[in-house]
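Chain and residue survey
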Amino acid sequence: MSDGDLISELYAGCFRRLVVQLYAVTGDLTEAQEAVQEAFTRALVSPRRFAALENPEAWLRRVAVNWARSRYRRRRVLDGLLRRIGPPPAVADHSPEHLALLAALRVLPEGQRHALALHYLVDLPVDEVAATLGVSSGTVKSRLSRGRVALAALLADTDTSDATSTGTGTGTKCATDATETGRIDVRS
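Within each chain, residues carry numbers counting from 1 in the order of the written sequence. Given that the model is predicted, a residue must reach a pLDDT of at least 70 before its local features are reported, and side-chain atom pairs must reach 80 or more before they are shown or counted; all residues, however, enter totals for whole chains, interfaces and linings. Calculation of side-chain values draws on the structure's entire complement of heavy atoms; hydrogens and water are dropped beforehand.

**Comments concerning a positive patch on the surface**
Defined as follows: Nonpolar side chains (Val, Leu, Ile, Met, Phe, Trp, Tyr) within 5 Å and like charges within 9 Å form the patches, drawn only from residues with over 30% relative accessible area and no salt bridge. To measure how exposed things are, a 1.4 Å probe is used in the Shrake-Rupley method; for residues, cover is taken only from the protein chains shown. Salt bridges, as used here, are contacts in which a Lys or Arg side-chain nitrogen is within 4 Å of a carboxyl oxygen on Asp or Glu. The charge count treats Lys and Arg as positive and Asp and Glu as negative. His and the chain ends do not count. To locate a charge, the coordinates of NZ of Lys, CZ of Arg, CG of Asp or CD of Glu are taken. Strands are runs of DSSP state E lasting at least two residues, helices are runs of H or I lasting at least four, and both sets are numbered from the N terminus onward.
Together, Arg62, Arg69, Arg73, Arg74 and Arg76 make up a positively charged patch on the protein surface. Turning to its location among the elements, Arg76 is positioned in helix α4 (residues 56–85).

**Overview of the layout of surface pockets**
Formally: Only protein atoms enter the calculation, which uses a 1 Å grid: trapped sets of points that fit a 1.4 Å probe without letting it out are cavities, open sets showing protein on both sides within 12 Å along at least five of seven lines are pockets, and any residue with an atom within 4 Å of a point is a lining residue. Grid points are joined across faces, edges and corners, and a volume is the space filled by probe spheres set on the points. Side-chain classes are defined by residue name, with Ala, Val, Leu, Ile, Met, Phe, Trp, Tyr, Cys and Pro counting as nonpolar, Asp, Glu, Lys and Arg as charged, and the others, Gly among them, as polar.
Of the pockets and cavities examined, the second largest pocket occupies roughly 150 Å³. Lining the second largest pocket are Val25, Thr26, Asp28, Glu31, Ala68, Arg69, Tyr72 and Arg75. Of all the elements in the fold, those that place two or more residues in the lining of the second largest pocket are α1 (3–26) and α4. Counting residues per element, the lining of the second largest pocket draws most heavily on α4, at 4 residues. Here the lining of the second largest pocket is composed, by residue class, of 3 nonpolar, 1 polar and 4 charged.

**Quick word on the packing of helix α2 (residues 29–45) against α4**
Rules: Axis definition: a line fitted to C-alpha atoms, over the contacting stretch in the case of helices. Angles run 0 to 180 degrees between N-to-C directions. Every angle not falling under 35 degrees, over 145, or within 65 to 115 is termed oblique; those three ranges are roughly parallel, roughly antiparallel and roughly perpendicular. For a crossing to be left-handed, the near helix must be turned anticlockwise from the far one by less than a right angle; the clockwise case is right-handed. Throughout, a residue-residue contact means that at least one pair of heavy atoms, one from each residue, lies within 4.5 Å.
Interaxial distance between α2 and α4 falls to 8 Å at its minimum, and their mutual angle equals 125°. In terms of orientation, α2 lies oblique with respect to α4. Taken as a pair, α2 and α4 cross one another with a handedness that is right-handed. Counted together, Glu31, Glu34, Ala35, Val36, Glu38, Ala39, Phe40, Arg42 and Ala43 of α2 and Trp59, Leu60, Val63, Ala64, Trp67, Ala68, Arg71 and Arg75 of α4 form the full contact between these two elements.

**A short note on the pattern of salt bridges**
Pairing between side chains of opposite charge can happen when their charged atoms approach one another. For clarity, the threshold we go by: Burial classes follow relative accessibility: with a 1.4 Å probe on protein chains only, a residue under 20% of its type's maximum area counts as buried, one over 50% as exposed, and anything between as partly exposed.
Throughout the structure, instances matching the rule amount to 6 salt bridges. Where Arg17 meets Glu57, a salt bridge forms, and the shortest distance between an N and an O atom there is 2.7 Å. Taken together, the residues span a long stretch of sequence, with Arg17 in helix α1 and Glu57 in helix α4 at a distance of 40 residues. With relative accessibility at 15%, the residue Glu57 sits in the buried group. Here Arg71 ties to Glu31 by a salt bridge, and the two come within 3.3 Å at their closest N and O atoms.

**A word on the confidence of the model for the protein**
What counts here: By definition, pLDDT measures how confident the predictor is in each residue, and it falls between 0 and 100.
For the protein, the average pLDDT comes to 81, and 79% of its residues sit at 70 or higher. Low confidence marks residues 164–182, where pLDDT is under 50. Its contacts with residues over four positions away, or in another chain, come to 23 contacts.

**Things to note about the side chain of Glu31**
Counted only if it meets this: N or O atoms within 3.5 Å of each other form a polar contact, as long as, within protein, one can give a hydrogen and the other can take it, and as long as residues adjacent in sequence are counted only when both atoms are side-chain atoms.
Looking at where Glu31 falls in the secondary structure, it is placed in helix α2. Look at Glu31 and you get buried, because its relative accessible area is 9%. One polar contact links Glu31 to Arg75, side chain to side chain, over a distance of 3.1 Å. If sequence neighbours within four positions are ignored, Glu31 has contacts with Thr26, Trp67, Arg71 and Arg75.

**Looking at the nonpolar core**
Across soluble globular proteins, nonpolar side chains show a tendency to be buried alongside one another. Just so we agree on the cut-off: In plain words, nonpolar cores are sets of buried Ala, Val, Leu, Ile, Met, Phe, Trp, Tyr and Cys residues tied together by side-chain atoms within 4.5 Å.
If you look at the biggest cluster of nonpolar residues, it comprises 21 residues, and the most contacted ones within it are Leu22, Val36, Phe40 and Leu60. If one sorts the elements of this core by residue count, α1 sits on top with 8 residues. In this structure, Val36 is in contact with Phe15, Leu18, Val19, Leu22 and Ala64, ignoring residues within four places of it in sequence. One finds Leu101, Ala104, Val126 and Leu151 within the second-largest nonpolar core, a separate group that totals 16 residues.

**Here we look at the packing of aromatic side chains**
For clarity, the threshold we go by: Ring pairs are drawn from Phe, Tyr and Trp, using the six-membered ring of Trp, whenever the two centres fall within 6.5 Å, and their geometry is named by plane angle: stacked under 30 degrees, edge-to-face over 60, tilted for the rest.
The final tally for this structure, using the stated rule, is 3 aromatic pairs. For the pair Tyr11 and Phe15, a centre-to-centre distance of 4.8 Å together with 35° between the ring planes defines the contact as tilted. Here Phe15 and Tyr11 lie together in helix α1, a separation of 4 residues that amounts to about one turn. The exposure class assigned to Tyr11 is partly exposed, which follows from its relative accessible area of 38%. Ring plane angle 65° and centroid distance 5.4 Å describe the contact between Phe50 and Trp59, whose orientation is recorded as edge-to-face. Take Trp59: its relative accessible area is 23%, and that puts it in the partly exposed class. Taken together, the ring pairs connect Tyr11, Phe15 and Phe40 into an aromatic cluster.

Structural data, given as structure tokens:
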């Protein structure tokens, strides 16, 4: 029997049993499955050494338990650090305008979306956006320009459809403001 066949056979015969045992240790089924998968992954790294073991299932169990314990310790340290820095920041705005802007951004090509987000939402200058994205400043300026025009058109479509249903006509102002000033104004 080859080393790979031994691991396959053990996986078929022991995986569920090991997951049940680790579930008792971790109290979380997903965590238990990940621990057992990690143990099998480590067995695959050196299959000859694994095949030479007297009790491979016991080795897999020990590796899985150690991995779960290490992960638990790291998580505990991280939780302590997070408690020290205080509560998480406020939840993002869920207004209709904000949701419309996020939906419109998702439609844009990735390059334009990244450039717009870094420049307007993170407030980075064009040179820093270029360095972050690994492109030239001219490329960033082009993406910003094209992205603003596309975003203004998408938001104008949203505003026009809203205006049609409510009877007000403010969709054109949004598109005009965005292209004339270079800033995105999603207010109606």
